[in-house]
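Observations on the three-dimensional arrangement
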Amino acid sequence: MENPKFAPKMTGVALALAAAGIISGCQSTSGTTPTASADTTDLVHCYGVNACKGHNDCGTAENSCAGKAACKGHGFVATTEKSCGDIGGKAPVLRSHGKWPTLPVFKISQMNNKFLGYGIGLRTDHYQHVVDNRPNVDWFEVISENFMVAGGKPKYFLHAVRENYPIVMHGVSMSIASTDPLNMDYLKKLKTLSSEVQPEWVSDHLCWTGAEGFNSHDLLPVPYNDEVITHIVDRIQQVQEILNRTLVLENVSSYLTYNQSEMEEWDFINAIAERSGCKILLDINIYVSSRNHGFSAHTFLHAIKPEYIQQFHLAGHSDYGDYVIDTHDHDVPPAVWDLYADAVKKFGQVSTLIERDDNIPPFEDLHAEMMHARDIAQQTLASFSPASI
């Protein structure tokens, strides 16, 4: 049976066909949504009990989650608060009369909107250049997964760069919106790396990358509705507890929409940030999705609440006329620079990064783009007061 929450509505974009094949193959995962037991009065999520140590929901009033459906020994049980305490568990979220309440705003160490300046995504082609020349760059962003190893040459360069620059860690594999259990091994490695590097913040994407153990190696969008918000907020809060830091999440470019969406993407993003306490890495290449789906990128931009913004990404894309793909293999185009100027008017000074993942040019070319971003921001701020926009 197809999972009704993830049934796509095609938009005519050619690339969506491949994504739809992945989505339509995903089956409903037992345990994703709690099932009320016979007596649902004053039941609670009871974490850390016997075989149910972990964070997946089995929706059962007994300690029987081990190996069942998506839980596989990593869930919690639903029982009374007293019983939970008696068996040594913890019950942070109340369930009353079979309904899950709105999750509370996450209160882990609050992150301020620190302005790092203007940076460049650190890629293998430029490791030696950065170490040898110490270029005039305010900060670097690294792909977290490239350094989740005990040692080796990449780790050497990471530490060499870290000695001279602030670092931000940006991941691609958290799959925060998936119905699969959170990957605790991945999160353990991520926490180890963040403790080692001490990044300014840790980010990933507001998306899912696969289901039932299948990895699509792509950043897949979600339906925009309250059920998905609750699911993602719960998982964000778990990750923030594990990492002991505020998570930063990036909007993704998309090539399909869902029949089950009940709100605009910008309202969805605002709700996620408000209810989870996470911050937003705003990809200014919302231009891609705006072209693919026919909405105004400027409307999107102005709908996001400034207090949630932590960082900007600037990147190029591939324009095929009828659709656009966020390939990160071209220079930042004029339309995205225009959006960036509008973003600076709206949000003021925000840490800004030039992102390039393929067709990597000489470092000097990326540095020139970074300086162009700085010039646009400085000129815009000299002409406009963000507070008045």
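Residues numbered from 1 in each chain as written. Predicted model: local features only at pLDDT ≥ 70, side-chain atom pairs only at ≥ 80, totals over all residues. Heavy atoms only, no water.

Counting its secondary structure elements, the chain contains 11 helices and 18 strands. Out of the 389 residues in the chain, the part that is buried amounts to 54%. Relative to all contacts within the chain whose residues are 6 or more apart in sequence, the contacts with residues 24 or more apart total 77%. Total accessible area computed for the chain in this model is approximately 16,700 Å², and 50% of it derives from carbon and sulfur atoms. (Helix = DSSP H or I, 4+ residues; strand = E, 2+ residues; numbered from the N terminus. Buried < 20%, exposed > 50% of the residue type's maximum accessible area, 1.4 Å probe, protein only. Contact = heavy atoms within 4.5 Å. Areas by Shrake-Rupley, 256 points an atom, 1.4 Å probe, with all protein chains shown as cover.)

Of all the six residues making up strand β15 (residues 309–314), six are buried; the element is thus mostly covered by neighbouring parts of the structure. Pairing of β15 with strand β18 (residues 351–354) involves four bridges; the strand directions are parallel. Among the inter-strand pairings, Leu314 is bridged to a residue of β18, identified as Ile354. (Pairing = 2+ DSSP bridges.)

Quick look at the sheet that holds strand β6 (residues 118–121) now. One closed barrel holds the eight strands; their spatial order is β6-β7-β8-β9-β12-β14-β15-β18, and the pairing between them is parallel. Each adjacent strand pair in this sheet contributes to an overall mean axis angle of 30°, direction not counted. With four bridges joining them, strand β14 (residues 279–283) and β15 adopt parallel strand pairing. Its bridge partner lying in β15, Leu281 is registered against Gln311. (Axes fitted to C-alpha atoms, helices over the stretch in contact; angles between N-to-C directions.)

Turning to the confidence of the model for the chain, a few remarks are in order. Scored by pLDDT, the chain has a mean of 79; 70% of the residues are at 70 or more. Scored below 50 in pLDDT, residues 1–45 makes 119 contacts in the model with residues more than four places away or belonging to other chains. Of the regions scoring below 50 in pLDDT, residues 92–109 engages in 54 contacts with residues more than four places distant in sequence or in other chains. (pLDDT = per-residue confidence, 0-100.)

Computed from the structure, the largest pocket encloses a volume of approximately 940 Å³. If you go around the largest pocket, you meet 40 residues; those closest to its centre are Val172, Thr209, His217, Asp218 and Leu219. Contributing elements (two or more residues each) for the lining of the largest pocket: α5 (184–197), β10 (208–211) and β11 (214–220). A breakdown of the residues in the lining of the largest pocket according to their chemical character gives 13 nonpolar, 16 polar and 11 charged. (1 Å grid on protein atoms, 1.4 Å probe; cavity = no way out; pocket = protein on both sides within 12 Å on 5 of 7 lines; lining within 4 Å. Points joined across faces, edges and corners; volume = space filled by probe spheres on them. Nonpolar A, V, L, I, M, F, W, Y, C, P; charged D, E, K, R; others polar.)

Once that is clear, we can look at the environment of Arg123. Turning to its location among the elements, Arg123 is positioned in the loop between β6 and α3 (127–133). Residue Arg123 is classed as buried on the basis of its relative accessible area of 9%. Sequence spacing of Arg123 and Phe140 is 17 residues, and the spatial spacing of their C-alpha atoms is 9.7 Å. Residues contacting Arg123, with those up to four places away along its chain left out, are Glu141, Ile143, Glu355, Arg356, Asp357 and Ile360. A polar contact is formed between the side chain of Arg123 and the side chain of Asp357, at a distance of 2.7 Å. (Polar contact = N/O pair within 3.5 Å; in protein donor to acceptor, adjacent residues only side chain to side chain.)

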